[in-house]
Amino acid sequence: MELRGKQKRFLRSKAHHLQPIFQIGKGGISGPMITQIGEALEKRELIKVSLLQNTDEIATDVAHILTEEVHCQVVQIIGRVLVLYRPSSKEKYQRISKEVKAI
């Protein structure tokens with residue numbers, strides 16, 4: 001399901017206060033990191049990932065890889081920070097996704 005403008009705005013406002021919980025550095029994006037990002041999205045639904053200065057990765061490329069691998073949606077990319085969203089499959093973690101559906 002593609003996010004509508006209002007939903008993206010809501011998610012951006014929610015993500016504004018978040019700190020990036022993953023940092024992609026020199027090693028680039030790896031299999032274990034992709035798994036961890038998937039697990040974090042399952043619990044939090046909305047996370048930030050930052051690209052460090054020493055990485056060769058490009059934010060849009062990383063966004064593309066993550067949307068393919070983790071089946072998440074990129075809410076926005078600001079410089080070297082990606083905001084990712086994926087509704088949790090577990091009822092107890094579905095705080096944000098319930099609000100998004102209501103919009």
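Presented here is an overview of the structure given in this document. (Residues numbered from 1 in each chain as written. Predicted model: local features only at pLDDT ≥ 70, side-chain atom pairs only at ≥ 80, totals over all residues. Heavy atoms only, no water.)

1. Here we look at the pattern of salt bridges
Side-chain pairs of opposite charge can arise where the charged atoms are in close proximity. Applying the stated criterion across every chain, the model contains three salt bridges. One salt bridge connects glutamate 99 with lysine 14, and the closest N-O pair in it is separated by 3.9 Å. Of this pair, glutamate 99 sits in helix H4 (residues 95–102) while lysine 14 sits in helix H1 (residues 5–15), and the two are 85 residues apart along the sequence. Of the residues examined, glutamate 99 reaches a relative accessible area of 36% and is grouped as partly exposed. Among the residues examined, lysine 14 registers a relative accessible area of 33% and is labelled partly exposed. (Salt bridge = Lys/Arg side-chain N within 4 Å of Asp/Glu carboxyl O. Helix = DSSP H or I, 4+ residues; strand = E, 2+ residues; numbered from the N terminus. Buried < 20%, exposed > 50% of the residue type's maximum accessible area, 1.4 Å probe, protein only.)

2. Comments concerning the nonpolar core
Core analysis: the biggest nonpolar cluster contains 19 residues, and Ile37, Ile47, Leu66 and Leu84 have the highest contact counts within it. For this core, the secondary structure elements donating two or more residues are strand E1 (22–24), helix H2 (31–44), strand E2 (46–51), helix H3 (59–70) and strand E4 (81–85). Aside from chain neighbours lying at most four places away, what touches isoleucine 37 is Phe22, Ile47, Val49, Leu66, Val70 and Leu84. Among the nonpolar cores identified, the runner-up in size contains 10 residues, and Ala15, Leu46, Tyr85 and Ile96 belong to it. (Core = buried A, V, L, I, M, F, W, Y, C linked by side-chain atoms within 4.5 Å. Contact = heavy atoms within 4.5 Å.)

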